[in-house]
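Examination of the molecular architecture
Now for the letters of each chain:
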Amino acid sequence: MVSLLMTLNKKDFIEIEFTGKVKGGEIFDSNIKQDLEKIHLGHDHPVESKPFIFCLGEHMFLNALDDFLIGKDIGEYEIELDPEQAFGKRNPSLIQTIPMRIFREHGTNPIPGTILNFDGRIGKALIVSGGRVMVDFNSPLAGKTVVYKINVKRKITEINEKIKAMNEFFFKRDMEFTVDDKRLTIKTEKNMKKVVEMFRDKFKEIFDMEMRVIEKEETRPGVAELKKEQK
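Residue indices follow the written sequence of each chain, beginning from 1 at its first position. Only residues with pLDDT of 70 or above have their local features reported here, since the model is predicted, and side-chain atom pairs are shown and tallied only from 80 upward, although totals for entire chains, interfaces and linings are computed over all residues. Each side-chain value is worked out from all heavy atoms of the structure, with water and hydrogens disregarded.

**Digging into the side chain of T185**
- The helix count covers DSSP runs of H or I at least four residues long, the strand count covers runs of E at least two residues long, and both are numbered beginning at the N terminus. With respect to the helices, strands and loops of the structure, T185 is situated in strand β11 (residues 183-188).
- Working definition: with a 1.4 Å probe on protein chains only, accessible area under 20% of the residue-type maximum means buried, over 50% means exposed, and in between means partly exposed. For T185, a relative accessible area of 7% translates into the label buried.
- We define a polar contact as two N or O atoms separated by no more than 3.5 Å, with the added condition that, inside protein, one atom must be a possible hydrogen donor and the other a possible acceptor, whereas residues neighbouring each other in sequence contribute only through side-chain atom pairs. Polar contacts involving the side chain of T185 include one to the side chain of R212, which spans 3.5 Å.
- Two residues qualify as a contact provided that any one of their heavy atoms is within 4.5 Å of a heavy atom in the partner residue. Apart from residues lying up to four places away in sequence, T185 is in contact with E176, F177, T178, R212 and I214.

Now the structure itself:
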């Protein structure tokens, strides 16, 4: 009989290991070192893997995987997702023809297979013909059935570890913070303050805490350092 204490519920923080692959094909995402090495085969830089901690039901993972894990127990699972559950069907309207002059103005010489960035929209050049380039803005995984292997390793119960995971997910960095009863204080660089404040309601919803964001004081050189600079 499964212990109710181990059942995964919405808003639980959990740590998982996972690997996603196209059904019958290649791995496209993972946080397991040996699988990451298969994705980056031929790259010179070392592959780094790290734990993935997230809050269930808060759109921090694929929604279909969130829904699948809620109600499950700690353990290993495999789930197959059709395109509608995963990365969507291919949309013909996202295949667009762009004049070659646009590329020339930006010093780019597209060839078929080139991955291009148009103001944050990622596309793949399909056909280069005369003065036009056909670009596909569909996700590379659109229209594909995918399979995820997931190992739910543990539930996270310690509040500081939960907040650290949230900071890393939303802000892509480890941020200094303190928790005092029902108040969370986050210290950040000046240029990050407004960005962090945008997530005030999300932190309130998940942790039932008021969030305060303060800027770190800029460190100034001491007398000895100033003398060295003057020399």
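**Some remarks on the layout of surface pockets**
- Roughly 500 Å³ of volume is contained in the largest pocket.
- As for the largest pocket, its lining consists of 18 residues, and the residues nearest its centre are K50, P51, F52, I53 and E168.
- Counting only elements with at least two residues in the lining of the largest pocket, the list comes to β2 (27-30), β3 (52-55) and α4 (159-171).
- With five residues, α4 is the single largest residue contributor to the lining of the largest pocket.
- All amino acids are sorted into three groups, where Ala, Val, Leu, Ile, Met, Phe, Trp, Tyr, Cys and Pro are nonpolar, Asp, Glu, Lys and Arg are charged, and the leftover types, Gly among them, are polar. Its residues assigned to classes, the lining of the largest pocket comprises eight nonpolar, three polar and seven charged.
- The computed volume of the second largest pocket comes to approximately 240 Å³.
- If you go around the second largest pocket, the residues you meet are V22, E26, I27, F28, F87, S139, P140, L141 and K144.
- Of the residues contributing to the lining of the second largest pocket, the split by class is six nonpolar, one polar and two charged. A 1.4 Å probe that fits but cannot get out identifies a cavity on a 1 Å grid over protein atoms alone, an open set with protein on both sides within 12 Å along at least five of seven lines counts as a pocket, and a residue lines either if it has an atom within 4 Å of a point. Grid points are joined across faces, edges and corners, and a volume is the space filled by probe spheres set on the points.

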